[in-house]
Every structure is written in structure tokens, then in C-alpha cells.
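# Coordinate analysis (summary)
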Amino acid sequence: WYYTYNDDISEYQYNEEEPSLSELQQKKVLFDSDSMDTVLNIENIDTEIDNMELVDMGEIYVSDDTKDVDINNVKKLYKDLLYGEYNLDGSYNYKLRPFSEGIAYQFALKDVTGDEVDDLILRVNVRHYSEDAFEIYSVVNDKVYNILNNDLIFRDIIIFEDNSVLVPSAGNNYIDYITSA
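Attention in this report is confined to the structure presented alongside it. (Residues numbered from 1 in each chain as written. Predicted model: local features only at pLDDT ≥ 70, side-chain atom pairs only at ≥ 80, totals over all residues. Heavy atoms only, no water.)

### Comments concerning the environment of Q106
Convention followed: Helix numbering and strand numbering both begin at the N terminus, where a helix is a DSSP run of H or I of at least 4 residues and a strand a DSSP run of E of at least 2. Contacts are residue-level and defined by heavy atoms, with any inter-residue pair within 4.5 Å sufficient.
Tracing the backbone shows Q106 in strand β5 (residues 103–110). The sequence separation of Q106 and T38 amounts to 68 residues, and the corresponding C-alpha distance is 5.5 Å. Every residue in contact with Q106, bar those within four places of it in the chain, is listed here: M36, D37, T38, V39, L40, I121, L122 and R123.

### Things to note about the pattern of salt bridges
The criterion, for reference: When a carboxyl oxygen of Asp or Glu lies within 4 Å of a side-chain nitrogen of Lys or Arg, that pair is called a salt bridge. Throughout, exposure labels follow a simple rule: accessible area from a 1.4 Å probe, protein chains only, divided by the maximum for the residue type, with under 20% read as buried, over 50% as exposed, and the rest as partly exposed.
This structure, assessed with the given rule, holds 5 salt bridges. The partner of K28 in a salt bridge is E161, and the shortest N-O contact between them spans 3.8 Å. With K28 in the loop between α1 (21–26) and β3 (29–32) and E161 in the loop between β9 (158–160) and β10 (165–166), this pair connects stretches of sequence that are 133 residues apart. Overall, K28 belongs to the exposed group, its relative accessible area being 53%. Linking D50 and K79 is a salt bridge whose minimum nitrogen-to-oxygen distance equals 2.7 Å. On the criterion of sequence distance, the pair formed by D50 in helix α2 (residues 42–50) and K79 in helix α4 (residues 71–83) is long-range, its members being 29 residues apart. When salt bridges that share partners are traced, they join D46, D50 and K79 into one network.

### Some words on the sheet that holds β10
Just so we agree on the cut-off: Being paired, for any two strands, means DSSP has found at least two bridges between them.
Reading across from one edge, β2-β1-β10-β9-β3 is the order of the 5 strands in this open sheet, with antiparallel pairing throughout. Looking along the sheet, the strands with just one partner apiece sit at the ends: β2 (11–14) and β3.

### Quick look at the packing of aromatic side chains
Let me state the cut-off plainly: Here a pair means two rings of Phe, Tyr or Trp (six-membered ring of Trp) with centres within 6.5 Å. Their orientation is stacked below 30 degrees between planes, edge-to-face above 60, and tilted elsewhere. Think of it as a cone above the ring: NZ of Lys or CZ of Arg counts as a charge over the ring if it is within 6 Å of the ring centre and within 35 degrees of the ring normal.
Tallied over the full model, the rule gives 2 aromatic pairs. Aromatic side chains Y5 and Y12 sit 5.2 Å apart centroid to centroid with 65° between the ring planes, which places their arrangement in the edge-to-face category. For the pair shown, Y5 and Y12 are each scored as buried. Lying over the aromatic face of F160, K27 brings its terminal NZ or CZ to 5.5 Å of the ring centre.

### Regarding the pairing of strand β8 (residues 143–146)
Across 4 bridges, strand β7 (residues 131–140) lies against β8 in antiparallel orientation. Across the sheet, S138 pairs through a bridge with Y145, a residue of β8. In this structure, the hairpin formed by β7 and β8 is closed by a connection of 2 residues, where N141 is found at a positive phi of approximately 50°.

### Concerning the pairing of β2
Looking along a regular strand, one sees side chains alternate from face to face of the sheet. The pairing of strand β1 (residues 2–6) with β2 spans 4 bridges and is classified as antiparallel. Each bridged residue has a counterpart across the sheet, and for Y3 the counterpart in β2 is Y14. Counted along the chain from β1 to the antiparallel partner β2, the turn is 4 residues long, and its residue S10 has a positive phi close to 55°.

### Thoughts on α4
To keep it simple, the criterion reads: Here the expected length of a helix is defined as 1.5 Å per residue gap, with one fewer gap than residues. In protein, a polar contact requires one atom able to donate a hydrogen and another able to accept it; more generally it is a pair of N or O atoms within 3.5 Å, and residues adjacent in sequence count only if both atoms are side-chain atoms.
Its 13 residues give α4 an end-to-end C-alpha distance of 18 Å, which sits within 8% of 18 Å, the value for a rise of 1.5 Å per residue. Taken together, the buried positions of α4 are I71, V74, K75, L77, Y78, K79, L81 and L82. Structurally, the start of α4 carries an N-cap: the backbone nitrogen of N72 is 3.0 Å from a side-chain oxygen of D70.

Below you can see the structure in the form of C-alpha cells.
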């Protein structure tokens, strides 16, 4: 499955025209799920989010949604979302996401939308299917939105520099093929 980021509505949309493997190998990989290794816990939330910075936007074009971004607000919104996965004692919060739906257990911060503000990527183990799902959150107009359909079960996720996303079908590990070019 191949998704492209639609800046007008601030979300990823399914694109039926999936590039060929050779075309994918020509794209620069910005992020892949194999590189995701930050465990979702209170200490890592504090460390990673507190170290987040806005890129100097200087002379680059940014959308109107990004021009007046308050990095402290972005940090607060991401922390609230991540802390919501846990109770204050660090145990899992079953009220937010029922156990049968899965547990978010890893996260990463990476600008995958090209707006120079880090987006939040969560890896969720979906218990019912024994597979992972990935959720990508972004701050738009001072609110956090899930910008990639969270009902999909993914084995891997590859995000390219042009902000497109490849979600390989189960059983296919494209990351090795794409990055070996």
C-alpha cells in the first residue's frame, strides 16, 4: 500500500498508483520501522520530547499551519498523548486503548510531513492479529491528529523524503530491498 501526504488536509491518503520497486529504490528513505527502537516509557517520553526542537525555518517555505508553531505547545500535546498510554505508576492505561486493541510500545519523533516540525510515530502491538500497527500523529492548528489511518495492520512502514509512505503487505520485507540500492 502506498500513501502520499496531502498538505491541504494534513493527512496521508491511499494512492492506487504504487511505484515499482526500482522507482522506490530511487527515493531517499527518511524513516523505516526497522530503525524504531525507543521504548515507550515515562523516562523516554520526557527525554525525547524535551529535546525536540523546531528546525530553523529561515528561507524555506512552510505552510500557514506551521508558521506560528509554538514548540512548547507541540511538546505538551505529544506528552499528553504519550502519557495517556500509561497510568501515573507506569502501568498500561486500558481505558484509553482496550487491551484487545493493542499496546503502544515504541515511538519515534521525525518530521515526515515536510513542515519542519517533528511528527510522532507510534508502534502498537495489535493483540488480536499478533501484528504491529503504526500511527502517525501531527500537530495542526494546535491540536494533535492521527494523520495515517490507524485501522491498518502493518508489518513495516517506510517513509520517503518526498513524504510518501509505503506499507508493505504482510510477509514482504521491502526495507532491505529498497535500502540496498
